[in-house]
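Examining the three-dimensional arrangement
As a plain string of letters, each chain reads:
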Amino acid sequence: MNNVPMRSTAPINRDNLMSLNEKKVTPPLSYQNLDSLNARVVAAQPTPVPGHQNTQYSAPAQDYQSNQYAQPRQNVPPVQPAPAPIVQDKPVPPLMNTTQKGQKVPLMPSGPVASIKACLGWNVLNPDCDVDVSAFLLNDSGKIIGDDWFVFYGQENSPDSSTRFLNDDGADRELITIDFGKLDPRVSKIVFVLTINEAFEKNLNFSMIKDAYVRILNGSDNSEIVSFKMDEYYENVTSMMIGEVYKYKDSWKFNAVGNGVSKDLAGLCELYGVQVV
């Protein structure tokens, strides 16, 4: 299978796959680092020489030494670490046609469906948990049909433009849209996966997640076809296959999966056949 680049120009590897969310943060200013900066500025000034005219600085040397910013402050309390971020819970929207784990439901309540929206949400018990949604487009063998045939926050569209990743500022957190009319005929299953960013590095897992759900909406009128809310969360799981849509005898169905693995996004790519270098 050929390596197909994503939005970045480099080939897919663990570093560029898992580092897309990294942010560099400048530490806050404090009395200590302000004083140290001023002290270094004062130390760099030339000392006036008695009997000579100092054209660059008009103040005498003792004025620099008595400068209040050049002296270390006394009894300054230590800088306290920043408090952990507070992640607000998001209400779970009404789930109208709920199903149970392992149950399979046709995506045609009143006739064929041309497109769907897979809307996903969750809340966290640990504010360090940064959850993301991915969708893998698989063939009959359960493998991806090409290295760029999965969508997530770093690759928002499938090559055939049938499947898109979107952030949702409304009722849900993230969603995947699928246009069956544009879908490559080799695709027979699309798996929706929740992953925790940097789960291994930060010792995070799905026992720190709650309220995870997926609801499948009809793309034409946003009516709910089926929904599934998880009720099983495990410490040994870092990625959760929450649900999937699959083709069966020329019609599409939804399967409430609710099974997880101890893999990160790069590990899932390898599991589904993506060549990660």
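Conventions adopted
- Residues numbered from 1 in each chain as written.
- Predicted model: local features only at pLDDT ≥ 70, side-chain atom pairs only at ≥ 80, totals over all residues.
- Heavy atoms only, no water.
- Helix = DSSP H or I, 4+ residues; strand = E, 2+ residues; numbered from the N terminus.
- Buried < 20%, exposed > 50% of the residue type's maximum accessible area, 1.4 Å probe, protein only.
- Contact = heavy atoms within 4.5 Å.
- Areas by Shrake-Rupley, 256 points an atom, 1.4 Å probe, with all protein chains shown as cover.
- Pairing = 2+ DSSP bridges.
- Salt bridge = Lys/Arg side-chain N within 4 Å of Asp/Glu carboxyl O.

1. Description of the overall build of the protein
Along the protein, the regular secondary structure elements total 5 helices and 11 strands. Across the 277 residues of the protein, 42% fall into the buried class. Intrachain contacts of the protein at a sequence separation of at least 6 include 70% that bridge at least 24 residues. When the accessible surface of the protein is split by element, carbon and sulfur atoms take 50% of a total near 15,600 Å².

2. Some points on the pairing of strand S11 (residues 251-261)
Bridge count between strand S1 (residues 104-106) and S11: 3 bridges; the pairing is antiparallel. Across the sheet, the residue bridging to Lys-104 is Asn-255, located in S11. Hairpin remark: strand S10 (residues 239-248) followed by S11, antiparallel, with 2 residues in the connecting loop; positive phi at Lys-249, about 55 degrees.

3. Points about the sheet that holds strand S3 (residues 131-138)
Through backbone hydrogen bonds, the strands of a sheet pair up, either in parallel or in antiparallel fashion. As summarised here, the arrangement of the 6 strands in space is S1-S11-S10-S7-S3-S4, forming an open sheet in which the pairing is antiparallel. Both edges of this open sheet fall to S1 and strand S4 (150-151), since each of them pairs with a single strand only. Direction of pairing for strand S7 (residues 189-196) relative to S10: antiparallel, over a ladder of 7 bridges. Residue pairing across strands places Lys-189 opposite Tyr-246, the latter belonging to S10.

4. Notes on the pattern of salt bridges
For the coordinates displayed, the defined rule picks out 7 salt bridges. Arg-186 is the salt-bridge partner of Asp-184, the closest N and O atoms lying 3.0 Å from each other. Of the residues examined, Asp-184 reaches a relative accessible area of 16% and is grouped as buried. Given the relative accessible area of 48%, Arg-186 is considered partly exposed. The salt bridge partner of Asp-211 is Lys-229, with a shortest N-O separation of 3.8 Å. Of this pair, Asp-211 sits in strand S8 (residues 209-218) while Lys-229 is found in strand S9 (residues 224-229), placing the two residues 18 residues apart along the sequence.

5. A word on the environment of Leu-265
Relative to the assigned elements, Leu-265 resides in helix H5 (residues 265-271). Judged by its relative accessible area of 3%, Leu-265 is buried.

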